[in-house]
Amino acid sequence: MAVPEALQRTPLFAAASSAGGRMVPFAGWQMAVQFAGLLQEHQAVRERCGLFDISHMGVLRLSGPGAKDALQGLVPTDLFRIGPGEASYTVLLNEQGGIHDDLIVYDRGWDDTAQAHELLLVINAACAEADTSWISSQLEPAGISVHDHKGDGVLLALQGPEAQAQLEALSGTDLSGLPRFGHRDLTLPGIGGAFVARTGYTGEDGFELLLARGAGLALWQLLLERGVEPCGLGARDTLRLEAAMHLYGQDMNEATTPLEAGLGWLVHLEMPKPFIGREALERQTASGVQRRLVGLKLQGRAIPRHGYPVLGAGAEPGSTPIGRVTSGGWSPCLQTGIALAIVESSSCALGTELAVEIRGKTEPAQVVRRPFYRR
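Cut-offs applied
Residues numbered from 1 in each chain as written. Predicted model: local features only at pLDDT ≥ 70, side-chain atom pairs only at ≥ 80, totals over all residues. Heavy atoms only, no water. 1 Å grid on protein atoms, 1.4 Å probe; cavity = no way out; pocket = protein on both sides within 12 Å on 5 of 7 lines; lining within 4 Å. Points joined across faces, edges and corners; volume = space filled by probe spheres on them. Nonpolar A, V, L, I, M, F, W, Y, C, P; charged D, E, K, R; others polar. Helix = DSSP H or I, 4+ residues; strand = E, 2+ residues; numbered from the N terminus. Pairing = 2+ DSSP bridges. Salt bridge = Lys/Arg side-chain N within 4 Å of Asp/Glu carboxyl O. Buried < 20%, exposed > 50% of the residue type's maximum accessible area, 1.4 Å probe, protein only. Axes fitted to C-alpha atoms, helices over the stretch in contact; angles between N-to-C directions. Contact = heavy atoms within 4.5 Å. Core = buried A, V, L, I, M, F, W, Y, C linked by side-chain atoms within 4.5 Å. Expected span 1.5 Å × (residues − 1). Arc of directions from axis to C-beta.

Caption draft 1: Region of interest: the layout of surface pockets. Here the second largest pocket is characterised by a volume of approximately 440 Å³. Lining the second largest pocket we find 25 residues, and of these Gln 8, Trp 29, Ala 125, Ala 128 and Glu 129 sit closest to its centre. Split by residue class, the lining of the second largest pocket holds 10 nonpolar, nine polar and six charged.

Caption draft 2: View of empty space enclosed by the protein. Tallied over the entire structure, the rule returns one cavity of 30 Å³ or more. Taken as a whole, the largest cavity holds about 110 Å³ of empty space. Lining the largest cavity are 17 residues, with Met 31, Ala 32, Asp 53, Cys 231 and Gly 232 positioned closest to its centre. Sorting the residues of the lining of the largest cavity by element identifies helix H1 (13-18), strand E3 (29-34), strand E4 (50-53) and helix H7 (233-242) as the ones contributing at least two each. Top contributing element to the lining of the largest cavity by residue count: E3, with three residues. Here the lining of the largest cavity is built from residues that sort into 11 nonpolar, four polar and two charged.

Caption draft 3: Molecular detail of the pairing of E3. Here strand E1 (residues 8-9) pairs with E3 via two bridges, running parallel. Across the sheet, Arg 9 pairs through a bridge with Gln 30, a residue of E3. Note that strand E2 (residues 22-26) and E3 share five bridges and pair antiparallel. Directly across from Phe 26, in E3, lies its bridge partner Trp 29. Hairpin connection between E2 and E3: a loop of two residues separates the two successive antiparallel strands, and Ala 27 in this loop has a positive phi of roughly 50°.

Caption draft 4: Structural detail: the pattern of salt bridges. Counted according to the given criterion, the structure contains 15 salt bridges. Measuring nitrogen to oxygen at the nearest pair gives 3.2 Å for the salt bridge that ties Arg 46 to Glu 204. Linking Arg 46 in helix H2 (residues 38-47) with Glu 204 in the loop between strand E12 (192-197) and strand E13 (206-211), this pair joins segments that are 158 residues apart in sequence. Owing to a relative accessible area of 11%, Glu 204 belongs among the buried residues under this scheme. The salt bridge partner of Arg 278 is Glu 282, with a shortest N-O separation of 2.9 Å.

Caption draft 5: Just the sheet that holds E12, in detail. Taking strand neighbours across the sheet as the criterion, the six strands line up as E11-E12-E13-E10-E4-E14 in an open arrangement whose pairing is mixed. A single partner strand is all that each edge strand has here, and the edge strands are strand E11 (183-188) and strand E14 (229-231). For this sheet the average axis-to-axis angle between neighbouring strands, irrespective of direction, equals 30°. Where E12 and E13 come together, three bridges link them in antiparallel fashion. Within the sheet, the bridge partner assigned to Val 196 lies in E13 and is Leu 209. Sheet strands touched by H2: E4, strand E10 (154-159) and E14. Its angle to E14, the strand with the most contacts, is close to 120°.

Caption draft 6: Seen up close, the nonpolar core. Judged by nonpolar contacts, the single largest core of 35 residues is most densely connected at Phe 52, Tyr 89, Ile 99, Tyr 106, Met 252 and Leu 263. Elements supplying a minimum of two residues to this core: strand E6 (87-93), strand E7 (99-111), strand E8 (116-123), E10, E12 and H7. The leading source of residues in this core is E6, at four residues. For Tyr 106, the residues in contact, after removing those within four places along its chain, are Glu 86, Ala 87, Glu 118, Leu 119, Leu 120, Val 122, His 183, Phe 195, Ala 197, Thr 199 and Glu 208. If you look at the next biggest cluster of nonpolar residues, it comprises 29 residues, including Cys 49, Leu 175, Leu 188 and Ala 194.

Caption draft 7: Quick look at helix H4 (residues 128-139). Taking 1.5 Å of rise per residue, 12 residues should cover 16 Å, and H4 covers 16 Å from first to last C-alpha, within 8% of that figure. Every buried residue belonging to H4 is among Ala 128, Asp 131, Ile 135, Ser 136 and Leu 139, and all of these are buried. Along the axis of H4, the buried residues cluster in a sector spanning 125°; they form a single face. Within H4, the exposed residues directed more than 90 degrees away from the buried face are Glu 129 and Ser 133. Elements that come into contact with the buried residues of H4 comprise strand E5 (58-64), helix H3 (67-72), E6, E7, E8 and strand E9 (145-148).

The structure is reproduced here in structure tokens:
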């Protein structure tokens with residue numbers, strides 16, 4: 001009988017446990033799924049401020065004179081639209097145009113000492129090992145170094161309408177000029193230095209911070225003492241679903257192209273540069289997409305879940321599905337069931353009446369605009 005592989009723990013495991021975190025396995029890690037409770041944590045982020053340990057995610061540093069040019073060959077998004085201090089959400093593709101992973105690319109600019117351009121990549125925990133190996137195999141032959149930039153450090157997400165005020169109070173720095181997807185180095189007196197980006201996965205304003213282990217532990221504790229709500233993976237999922245943010249492995253995967261996944265805005269075919277998967281996306285653009293990701297809003301108290309069949313309006317339970325729910329759940333803000341689903345293109349128009357089959361019954365649903373929630 002195979003022995004299960006030991007789960008990894010972030011540097012904040014003990015601190016999160018002490019704060020009441022209920023630990024569960026996630027992507028090879030032991031992570032807190034909730035603290036005081038999912039609904040309380042969700043509401044805290046929407047109304048005030050919440051703090052997430054996201055140290056399970058991978059952070060890579062690319063360095064070399066042509067680092068951006070080299071990475072450009074792996075993604076469909078024009079990386080030259082961003083400059084130092086800016087970032088871009090994008091995807092890694094296979095030759096068929098399927099999504100290998102989604103990631104954020106941070107342009108750190110030119111390092112005079114190293115005589116190299118430096119980029120940081122934040123990648124998903126479940127894909128971190130495979131991504132690192134694949135990116136290294138593609139870029140290192142071109143003279144680009146690929147290194148783990150996180151080590152035993154801490155990655156935190158401070159999210160919510162009060163996030164800026166909290167971080168300004170601790171740093172003594174005005175952050176109002178840091179735009180969405182902007183990033184910078186920040187000194188936190190009594191704690192240490194941090195890499196800070198105005199990014200997040202909740203649909204709220206907020207920041208993600210990379211710190212050394214000791215500094216991360218100190219910042220976690222200090223923010224909790226200041227009344228910031230510790231939040232787990234459960235609230236992170238309901239928040240991102242309301243914001244219609246994709247989850248890799250559910251809303252997109254190796255068999256889903258960005259055009260099918262509602263991420264066509266990431267594909268810049270007007271860019272005169274080759275990238276892996278370009279020919280497949282050009283063919284799909286010319287021939288038309290046969291299925292698309294849509295947002296669904298259900299009636300009543302029905303709760304859709306990943307994998308549930310999506311049917312045409314009036315169809316009987318057990319009928320041939322026109323699609324499947326990729327992510328679904330109850331929206332605490334909207335007080336209704338919501339879902340992301342990939343369905344046939346003929347059923348994608350806003351206002352289209354559909355149904356989700358839930359435990360042998362059909363529940364009415366309507367195609368609605370994404371995101372479901374917007375501040």
